[in-house]
Amino acid sequence: MSPFSATNWSEPEDGFSTTFYEKYTSQLWFPEEIPLSNDALVWKSLSDDERWTYIHASAGLNALDTLQGEVGMPALRSLIDGHIRKATLQFQGVMEDIHARSYSLMNKTFLSTSEEREVFEWVRTQPQLQFKISFIQGVFADPDVSNLGLWKKLAVSCMLETALFYSGFFYPLYMAGQGRMVSAGEIFNLIILDEALHGVYVALLAQEKFGLMNPAEQAYARAWYAQTLQTLYQNELAYTDVLYAGVNLIGEVKRFIRFNCNVLADNLALERPFPDKEINPVVQNGIEARGTTHDFFSAKGSSYSKVRVETLSDADVEAIWAGGFPDLNVSNQVVRVSHD
Amino acid sequence: MERWIELNNKVIAGNVVQPQHDKDALQVYFQEKVNPNTVFFHDLKEKIRYLTEHGIWDASLFERYAPEDVRAVFERAYSYKFHFQSFMGASKFYNEYATMTPDRSRWLERYEDRMAITALARSEGVEEALELVHHLVTQTFTPATPTLMNSGKANTGRLVSCFLLQDCTDNLDSITKTLSFVAELSKGGGGIGVEVSNLRARGESLRGIQNVTKGVMGVAKMLDNMLRYADQAGQRPGAGAIYLSVMHADFLDVLSAKKIASDEDSRLKTLSVGATIPDMFMEKARLGEDIFQFYPHSLWKETGQEFSDIDWTRDYQALADNANICKKRVSARRVLEEIAVTQGESGYPYLLFEGNANRVNPIANVGSIKMSNLCSEILQPTLPSYFHAYGQEAKDRIGLDVSCNLSSLVIEQTMHSGDIGRVVTAAIGLLDNVARSTSVTEVPAVKRANDEMRSIGLGAMGLHSFLAGQELIYGSPEALEFVDVFFAAVHYHARRASMQIARDTGFVFSGFEGSRYQSGEHFAQYLERDFTPQGAEIAALFEGHALPTRADWQQLVSDIQQHGLAHSFVMAVAPTGSISYVSHASASIMPITERVETRTSNKARTIYPMPHLSADTEWYYEEAYDMDQRRVLDTVAAAQKHVDQGISCTLFVPSTTSTRALQAYYLYAYRLGIKTLYYTRMRKTNLEECLSCVV
Ligand SMILES: [Fe+2]
Ligand SMILES: [Fe+2]
């Protein structure tokens with residue numbers, strides 16, 4: 001057994017993990033920061049069908065985030081080498097747990113106890129959702145830890161992050177784009193920002209493994225991927241039929257799923273499975289991963305994060321008092337991490 | 001999904017920005033939404049009868065004018081063939097300002113109707129109303145939202161919506177009174193600033209018992225809850241800010257309540273926080289020394305002084321040396337850094353540099369400036385009130401609070417009108433009318449201040465969009481020259497109009513005697529040199545406008561000495577929101593934040609390409625986050641020289657920014673004489689930028 005080493009953040013294990021770790025920590029958020037109760041009155045004004053789709057979409061996402069936090073990330077973390085990479089994946093797992101908690105808080109805010117119970121029971125018995133979960137669990141549990149085996153695990157994780165979550169995301173994006181359920185929409189916005197990063201990070205790890213395979217393995221991997229995606233895509237279509245029947249959006253959601261499968265393929269450097277089609281522009285603008293401009297007094301925007309702490313020096317102060325200004329591009333060296 | 005929402009979203013859904021989709025959205029919005037859903041009247045008479053009989057328009061308004069005069073005002077409103085320039089502008093107006101049927105299914109007013117009725121309500125004769133309606137429809141200036149929304153209505157809400165309260169003195173009667181004032185103002189949609197530095201700090205004694213008071217946070221939490229409770233019938237939560245001195249022992253406690261990592265119990269969710277910062281503190285920060293933060297009750301017991309009355313420059317050393325006063329030691333730069341950390345996380349606190357505000361306080365004879373409002377542009381002296389328990393109200397002493405009464409010039413339209421003086425005079429006339437029409441009896445110190453001081457605040461918006469249209473770079477020397485000349489001219493005409501009202505009506509605000517207006521000191525810079533354009537480029541922009549010369553100012557100063565002024569303050573530059581969309585102008589005098597804004601509010605997500613944005617002009621629409629913020633601060637400092645109150649000034653920084661950069665900007669702003677900094681906005685780098693630093 002080799003001696004156990006400490007994490008050396010000064011010696012990167014690759015060209016990207018540290019950046020992702022820093023990005024994750026800087027955009028850490030908690031659902032308590034968003035005043036969900038602002039939406040309570042709007043919630044009451046929704047039709048029964050609208051409420052049903054909204055809350056069941058969220059509940060399905062809750063189950064998938066729970067899966068990622070509890071099974072997916074720990075599995076990847078234990079199999080991927082490198083202290084920094086493991087730390088990054090672990091943090092990603094924490095984010096998934098926070099997402100799951102957000103959905104649960106939404107239930108708590110908008111539903112009565114018995115409605116809440118019904119929704120959780122629905123998750124336990126919804127066939128397409130359960131199929132999706134157990135299929136992916138199966139891949140995570142597969143004892144094959146060769147490059148190919150690892151790549152499969154990374155790839156299904158990406159499928160969740162970049163494609164399979166989106167049948168659930170469609171509705172809150174569609175609503176928030178029209179000014180309905182804006183605070184909850186803000187939570188979805190934050191989650192989508194997180195997932196976008198997760199999908200890219202894990203895909204970079206996957207591409208690395210893919211590069212280590214020989215051509216025959218790569219060909220096998222491509223075929224396996226095409227088949228797996230097809231299976232999960234068909235399942236997603238059936239799930240959409242159930243989830244969106246009441247609100248007449250089935251066609252648009254399916255187009256959205258195909259769109260995201262293409263993004264997934266781009267991330268994994270594989271061929272796009274579907275022809276490019278326009279998606280609903282309101283939903284498309286909703287997934288643009290960027291901060292939004294906010295009314296001065298409305299919901300907390302997704303635009304704040306932790307700031308880097310760097311001490312002001314005597315030289316800085318004197319420069320300003322002398323009528324000048326310090327060169328902010330030259331660091332003052334004494335950099336601390338925020339002490340909170 | 002509604003077609004116009006989809007079309008509007010198409011502006012940025014493609015690979016390149018396509019502003020023409022916005023024109024389509026605008027057209028479809030009128031064709032499919034506004035026009036079919038507007039109640040039809042055969043003529044004006046029928047419209048007026050219907051709306052007055054249904055209790056929507058104020059019937060007494062039409063008794064003040066002859067029918068033909070009313071018709072003339074409406075006809076003038078419709079004569080300009082007004083068109084909205086963006087879907088955002090139209091949807092803002094028709095969703096927020098135009099009156100609808102009680103079930104909100106159909107419109108009762110069009111744009112021109114709202115402007116005509118506002119002109120009639122805010123004027124005393126038909127000539128005045130015709131002049132006002134000209135400005136309102138051509139949008140040379142726009143009144144603040146509550147004035148535009150509520151004028152001429154039968155069940156009128158207040159015409160003003162921003163208040164400052166200094167009542168919160170250190171006893172339970174005053175605190176509960178303040179809470180009830182906040183509730184009263186909040187339910188009517190007000191934004192409220194409350195000064196809290198006189199409150200005893202956490203752990204101070206109460207009736208001689210040590211360690212029992214909950215300090216400023218205890219009161220702040222109550223205010224926070226109250227704002228969310230009194231929420232205008234669920235439409236939107238109230239809005240408020242507390243102002244607390246950095247010299248107060250609870251300052252860091254309150255600051256951390258705005259941090260995102262704070263637990264639910266201690267977090268201030270709705271309430272904003274402003275920090276008042278004396279010169280002495282800035283000096284200690286400069287030197288890198290420690291300061292003492294004081295416990296107000298202990299200080300009061302020892303000296304008999306209220307916290308907010310302390311002159312820190314004069315008294316700090318004596319207080320620091322006094323062993324009988326409880327205090328704690330902390331590094332001034334560390335406090336500044338905490339402010340920067342909290343701003344980085346939450347955008348707050350606002351900063352009020354007390355020294356800069358008070359050095360040029362024109363009515364120091366009335367009192368000192370201790371606080372600001374929710375948007376940090378209102379800066380006026382306040383005096384605390386003293387309240388007593390039920391049954392002993394006779395002992396109450398009513399101080400001076402503030403109600404802010406605001407309007408903004410639209411720079412582009414004001415410049416194109418060819419006559420700044422005419423525009424400003426009309427705007428001051430409207431604001432004066434609002435002051436005279438306002439009586440907030442529920443909050444006696446607000447009523448007293450408005451009755452006696454009649455303060456108003458004329459500001460401006462659309463600076464960046466105007467500059468871009470003229471192919472000038474925001475924050476460049478030419479742009480700064482424009483700002484200097486423009487605001488000097490606005491100041492002249494505003495002050496002159498205020499003098500004329502005093503002369504013509506005999507009303508002079510109380511406190512004029514002994515003020516720096518009366519002595520002429522407030523106008524010293526204008527008697528030293530002309531504020532007229534130096535370069536040909538800027539001179540060309542002002543062609544045709546009557547710009548004041550030194551001789552004009554000399555005349556005005558002597559007229560003021562003779563006739564007095566009707567308003568204690570005449571200017572303030574507010575952050576403009578909805579009204580700048582309606583007027584197709586960029587916000588306030590800040591740089592634009594995005595060439596194409598994506599705006600989320602309780603209405604749909606709306607895409608808003610900046611006014612006149614095209615492939616040719618794009619270059620001049622530099623986004624605020626990409627700028628060295630000194631350009632923003634230089635712009636604000638140039639305007640501030642001519643603005644008797646404050647300017648709402650936001651800092652825009654990239655997410656890679658550090659606390660050092662923020663602190664450097666604070667010090668730079670302070671050195672320029674800027675009075676307040678509003679909040680700091682941070683742009684998150686998006687995924688692509690993030691990856692570009694990876695690959
Ligand atoms: Fe997640
Ligand atoms: Fe994720």
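Since the structure is predicted, the reported quantities are computational estimates derived from the model, not experimental observations.

Undergrad: When you look at the overall build of chain B in this model, what are you seeing that I'm missing?
TA: Each helix and strand in chain B was counted, giving 29 helices and 16 strands. Against the globule reference of 26 Å for 695 residues, chain B gives a C-alpha radius of gyration of 25 Å, in line with a compact fold. Viewed in the frame of its principal axes, chain B has a C-alpha envelope of about 80 × 70 × 55 Å. Counting across all 695 residues of chain B, residues that qualify as buried make up 64%. Contacts spanning at least 24 positions in sequence make up 77% of the contacts within chain B whose residues lie at least 6 apart. Carbon and sulfur atoms form 48% of the exposed surface of chain B, whose accessible area is close to 24,900 Å².

Undergrad: Mind showing me how you'd approach the overall build of chain A here?
TA: Within chain A, the secondary structure is distributed over 13 helices and 3 strands. Over its C-alpha trace chain A gives a radius of gyration of 22 Å, about what one expects of a compact globule, namely 20 Å for 340 residues. Its C-alpha atoms give chain A principal-axis dimensions of roughly 70 × 55 × 40 Å. Put simply, chain A has 340 residues, and 57% of those count as buried. In chain A, 79% of the contacts between residues at least 6 apart in sequence involve partners at least 24 apart. Here chain A has roughly 13,800 Å² of accessible surface; of this, 54% comes from carbon and sulfur atoms.

Undergrad: Explain the sheet that holds strand E9 (residues 402–404) of chain B to me, please; I cannot follow it from the model alone.
TA: Strand pairing in a sheet relies on backbone hydrogen bonds. The paired strands run either parallel or antiparallel. Residue and element names in this part refer to chain B. Strand order across the open sheet formed by 7 strands is E9-E2-E3-E4-E5-E8-E15, with mixed pairing between neighbours. Each end of this open sheet is capped by a strand with a single partner; those strands are E9 and strand E15 (676–677). Pairing geometry for strand E2 (residues 162–165) and strand E3 (residues 191–195), over 4 bridges, is parallel. When the sheet's bridge partners are listed, Leu 164 is paired in E3 with Gly 193. Contacting E3 and strand E4 (239–245), helix H10 (residues 215–229) runs over the sheet at an angle of about 165 degrees to E4.

Undergrad: It is not clear to me how the coordination of the iron ion (ligand 1) should be interpreted in this structure. Could you clarify?
TA: Each donor-metal-donor angle in an ideal tetrahedron of four donors is 109.5 degrees, and each such angle in an ideal octahedron of six donors is either 90 or 180 degrees. Residues and elements named next belong to chain A. Every protein donor of the iron ion (ligand 1) is accounted for by Asp 65 (OD), Glu 96 (OE), His 99 (ND1) and Glu 195 (OE), and the metal-donor separations fall at 1.9 to 2.1 Å. Viewed at the metal, the 4 donor atoms of the iron ion (ligand 1) are separated by angles of 85 to 124 degrees, and the geometry they form is tetrahedral. Counting the intervening residues between successive donors of the iron ion (ligand 1) yields the motif D-x30-E-x2-H-x95-E. Between the iron ion (ligand 1) and the iron ion (ligand 2) the interatomic distance amounts to 3.6 Å, and Glu 96 serves as a bridging ligand to the pair. Of this pair, Glu 96 and His 99 both sit in helix H4 (residues 83–110), separated by 3 residues, roughly a single helical turn. The buried category is assigned to Glu 96, whose relative accessible area is 0%. Exposure remark for His 99: the relative accessible area of 0% places this residue in the buried category.

Undergrad: What exactly am I supposed to notice about the pairing of strand E5 (residues 272–277) of chain B here?
TA: Moving residue by residue along a regular strand, the side chains alternate between the two faces of the sheet. Residues and elements named next belong to chain B. For E5, the tally of buried residues reaches 6 of 6 residues, placing the bulk of the element in the interior. Residues Ser 272, Gly 274 and Thr 276 line one face of E5 and the alternating positions Val 273, Ala 275 and Ile 277 line the opposite face, and both faces are buried. Where E4 lies against E5, 5 bridges are found, and the strand directions are parallel. From the neighbouring strand, Ile 242 faces E5, where its bridge partner is Val 273. Bridge count for E5 against strand E8 (residues 350–353) is 4 bridges, and the pairing is parallel. Counterpart to Ile 277 in the pairing with E8 is Phe 353.

Undergrad: Teacher, can you tell me more about the coordination of the iron ion (ligand 2) here?
TA: Residues and elements named next belong to chain A. In the first shell of the iron ion (ligand 2), the protein supplies Glu 96 (OE), Glu 161 (OE), Glu 161 (OE), Glu 195 (OE) and His 198 (ND1), at 1.9 to 2.5 Å from the metal. Summarised as a motif, the one-chain spacing of the donors to the iron ion (ligand 2) is E-x64-E-x33-E-x2-H. Residue His 198 is classed as buried on the basis of its relative accessible area of 0%.

Undergrad: Is there a simple way to think about the side chain of Glu623(B) in this case?
TA: As for its position among the elements, Glu623(B) is in the loop between strand E13 (606–609) and helix H27 (630–640). Residues contacting Glu623(B), with those up to four places away along its chain left out, are Ile592(B), Thr593(B), Glu594(B), Arg595(B) and Arg683(B).

Undergrad: Explain the confidence of the model for chain B here, please?
TA: Detail in the predicted coordinates should be disregarded across regions flagged by low pLDDT. All names here are of chain B. For chain B, the mean per-residue pLDDT works out to 91, and 95% of the residues sit at or above 70. Here residues 686–695 is modelled with pLDDT under 50, and outside its nearest four sequence neighbours on either side it reaches 16 contacts, counting other chains as well. As scored by the predictor, the complex reaches a pTM of 0.83 and an ipTM of 0.87.

Undergrad: Sorry, what's going on with the environment of Leu173(A) here?
TA: Mapped onto the secondary structure, Leu173(A) falls in helix H8 (residues 166–177). Residues Leu173(A) and Gly286(A), spaced 113 residues apart in sequence, show a C-alpha to C-alpha distance of 5.8 Å. In contact with Leu173(A), other than residues within four places in its own chain, are Ile192(A), Phe256(A), Val283(A), Gly286(A), Ile287(A) and Arg605(B).

Undergrad: Any chance you could explain the sheet that holds strand E11 (residues 457–461) of chain B here in plain terms?
TA: All names here are of chain B. The strand order across the open sheet built from 3 strands is E1-E10-E11, with neighbouring strands paired in mixed fashion. Among the strands making up the open sheet, the edge pair consists of strand E1 (141–143) and E11. Averaged over all pairs of adjacent strands, the angle between strand axes in this sheet comes to 25 degrees, irrespective of strand direction. Alignment of strand E10 (residues 406–410) against E11, held across 5 bridges, turns out to be parallel. For Leu 406, the partnering residue across the bridge sits in E11 and is Gly 457.

Undergrad: Before we go on, may I ask you to explain the nonpolar core in this structure?
TA: One broad trend across soluble globular proteins is that nonpolar side chains are buried collectively. Among the nonpolar cores identified, the biggest contains 214 residues, and Phe482(B) and Phe486(B) are the most heavily contacted of them. Top contributing element to this core by residue count: helix H21 (residues 477–505) of chain B, with 15 residues. Excluding its chain neighbours within four sequence positions, the residues that come into contact with Phe486(B) are Leu409(B), Ile411(B), Thr414(B), Met415(B), Ile420(B), Ala460(B) and Phe542(B). In terms of nonpolar packing, the next biggest core, distinct from the first, is built from 94 residues, Leu61(A), Val123(A), Ile187(A) and Tyr239(A) among them.

Undergrad: What exactly am I supposed to notice about the packing of aromatic side chains here?
TA: We describe a pair of aromatic rings using the distance from one ring centre to the other and the angle between the two ring planes. In total, this model carries 72 aromatic pairs over all chains according to the counting rule given. Summarising the aromatic geometry, the rings of Phe256(A) and Phe259(A) are spaced 6.4 Å apart at their centres and angled 5 degrees between planes, so their arrangement reads as stacked. You can see Phe256(A) and its partner Phe259(A) sitting in helix H11 (residues 250–268), 3 residues apart, about one turn around the helix. The interplanar angle of 90 degrees and the centroid separation of 5.7 Å between the aromatic rings of Tyr625(B) and Phe652(B) together place this pair among those described as edge-to-face. With Tyr625(B) in the loop between E13 and H27 and Phe652(B) in strand E14 (residues 651–654), this residue pair connects regions lying 27 residues apart in the sequence. Each member of the pair Tyr625(B) and Phe652(B) is classed as buried. The ring of Phe507(B) is capped by Arg454(B), whose NZ or CZ atom sits 3.5 Å from the centre of that ring. Sitting over the ring of Phe531(B), Arg529(B) keeps its end group 3.9 Å from the ring centre.

Undergrad: So what exactly am I meant to see when it comes to the environment of Lys269(B) here?
TA: Residues and elements named next belong to chain B. Along the chain, Lys 269 falls in the loop between helix H11 (251–256) and E5. A relative accessible area of 30% means that Lys 269 is categorised as partly exposed. Taking the C-alpha atoms as reference points, Lys 269 and Ala 460, 191 residues apart in sequence, are found 30 Å from one another.

Undergrad: Got a minute to help me understand the pattern of salt bridges in this structure?
TA: In a structure, side chains of opposite charge can pair up when their charged atoms sit close to one another. The final tally for this structure, using the stated rule, is 45 salt bridges over all chains. Between Arg124(A) and Glu121(A) there is a salt bridge, with its nearest N and O atoms 3.3 Å apart. Note that Arg124(A) and Glu121(A) are positioned in helix H5 (residues 113–125) at a spacing of 3 residues, about one turn of the helix. Linking Arg660(B) and Glu310(A) is a salt bridge whose minimum nitrogen-to-oxygen distance equals 3.3 Å. A residue pair is termed interchain when its members come from two chains, as with Arg660(B) in helix H28 (residues 659–671) and Glu310(A) in strand E2 (residues 309–310).

Rules behind the numbers
- Residues numbered from 1 in each chain as written.
- Chains lettered and ligands numbered in written order.
- Predicted model: local features only at pLDDT ≥ 70, side-chain atom pairs only at ≥ 80, totals over all residues.
- Heavy atoms only, no water.
- Helix = DSSP H or I, 4+ residues; strand = E, 2+ residues; numbered from the N terminus.
- Rg over C-alpha atoms; globule rule 2.2 N^0.38 Å.
- Buried < 20%, exposed > 50% of the residue type's maximum accessible area, 1.4 Å probe, protein only.
- Contact = heavy atoms within 4.5 Å.
- Areas by Shrake-Rupley, 256 points an atom, 1.4 Å probe, with all protein chains shown as cover.
- Pairing = 2+ DSSP bridges.
- Axes fitted to C-alpha atoms, helices over the stretch in contact; angles between N-to-C directions.
- Donors = N, O, S within 2.8 Å, 3.2 Å for Na, K, Ca; no water.
- Tetrahedral: all angles 85-135°; square planar, octahedral: opposite > 155°, others 65-115°.
- pLDDT = per-residue confidence, 0-100.
- Core = buried A, V, L, I, M, F, W, Y, C linked by side-chain atoms within 4.5 Å.
- Phe/Tyr/Trp six-rings, centres within 6.5 Å; stacked < 30°, edge-to-face > 60°.
- Lys NZ or Arg CZ within 6 Å of the ring centre and 35° of its normal.
- Salt bridge = Lys/Arg side-chain N within 4 Å of Asp/Glu carboxyl O.

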